[in-house]
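# An overview of the molecular structure
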Amino acid sequence: MLTQNTLDTLRQLKLTGMCDALEQQRAQPDTHDLAFEERLALLIDREVLHRENRRLDRLLKAARLRVPACVEDVDYRHPRGLERSRMAGLASCDWIRQSLNLCITGPTGCGKTWLACALGNQACRQGLSVRYLRVPRLFEQVRIAHGDGSYARLMNQLLKTDLLILDDWGMQKVTAQQRQDLMEVIEDRHGRGSTLIASQLPTEHWHDYIGSATLADAILDRLLHGAHRLNLKGESLRKAKTQKPESVDPS
């Protein structure tokens, strides 16, 4: 009865990990031979792990990454100019903590989206908040927010995100309103959050993509100054996957 009361109290205190660990100890007689301090340490470790897993689940759910990818599965065999040392540095996520940006460019199928999501997953695993958006979807969300009065809330959400992933950058020309909205997003995050751009369009053509010379200069100065860059090359990994189905980095 005493143990059941303890379990009920742990649940009321939302110490679910400790509660599960205590029930597991009761079912495993070998743990009864451990000292009190050892059993208590096991309960605490289980609670810490439970909370870390719950936080990771929340971060991944909020990130809405397009593909399930992780840096451990990156395929370095394909000749696309991707170096292990560069990826190891990016996987540390120090650039995110320093509010630096990352631009991943390259032809269709070279793995831009996959790598972006892998780095987003890694950031979540390190407790950083992430949000993945295709640029057309970003513009659509901002347009709707202007109309329904939620613009300030949306901009605040984007500002508070440690890593904002903008995929499909440069797919189509932007309108004057979209150009202004993009400036607001980039300006708000400049020096306060990291932005990862994934694009088929080489960076030297981004000025023409944005359109207005004044705004383009301002946006690109904030995006590219001091930014990390991955310029991928080579044939499509989708084609390589068809030929070599064992590859784990398909995008």
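Above: the structure in question.
This report concerns the structure included in the present document. The numbers attached to residues start from 1 for each chain and follow its sequence in the written order. Reporting of local features is limited, given that this is a predicted model, to residues whose pLDDT is at least 70; pairs of side-chain atoms are given and counted only at 80 or more, and all residues count toward the totals for whole chains, interfaces and linings. Excluded from the side-chain calculation are hydrogens and water; included are all heavy atoms of the structure.

## Observations regarding the overall build of the chain
Helix and strand counts for the chain stand at twelve helices and five strands. Radius of gyration (C-alpha) of the chain: 23 Å, far over the 18 Å computed for a compact globule of 251 residues. For the C-alpha atoms alone, the extent of the chain along its principal axes is close to 75 × 50 × 30 Å. Here the chain holds 251 residues, and 43% of them are scored as buried. Within the chain, contacts between residues separated by at least 24 positions form 78% of all contacts whose residues are at least 6 apart in sequence. For helices the rule is a DSSP run of H or I covering at least 4 residues; for strands it is a run of E covering at least 2, with both sets numbered from the N terminus onward. Radius of gyration means the value over C-alpha atoms here, while the globule rule gives 2.2 Å times the residue count to the 0.38 power. Residue burial is assigned from relative accessible area. The probe radius is 1.4 Å, only protein chains are included, and a residue is buried under 20% of its type maximum, exposed over 50%, and partly exposed in between. When checking whether two residues touch, look at their non-hydrogen atoms; a contact exists if any pair is within 4.5 Å.

## Focus on the sheet that holds strand 5 (residues 228-231)
A pair of strands is treated as paired once DSSP finds two or more bridges between them. Across the sheet, five strands lie side by side as 2-3-4-1-5; this open sheet has parallel pairing. Each edge of the open sheet carries a strand with a single partner, namely strand 2 (130-134) and strand 5. Pairs of neighbouring strands in the sheet enclose a mean axial angle of 10°, with direction left out of account. The pairing of strand 1 (residues 102-105) with strand 5 spans four bridges and is parallel. Opposite L102, over in strand 5, you have H228 as the bridge partner. Note on definitions: angles span 0 to 180 degrees between N-to-C directions of axes, and those axes are lines fitted to C-alpha atoms, for helices only across the stretch in contact.

## Details of the nonpolar core
Counting residues in hydrophobic clusters, the biggest one holds 31 residues, and the most contacted among them are M87, L102, L115, L163 and L196. Taken together, the elements giving at least two residues each to this core come down to helix 3 (36-63), helix 4 (84-91), helix 5 (94-97), strand 1, helix 6 (112-125), strand 2 and strand 3 (163-169). Among the elements that take part in this core, helix 6 stands out by supplying eight residues, more than any other. Beyond its immediate stretch of four places on either side in the chain, M87 contacts V71, V74, Y76, L82, L115, L119 and L230. Throughout this description, the term nonpolar core refers to a set of buried Ala, Val, Leu, Ile, Met, Phe, Trp, Tyr and Cys residues connected via side-chain atoms within 4.5 Å. Of all hydrophobic cores here, the second largest spans 29 residues; its members include F139, L158, W169 and I219.

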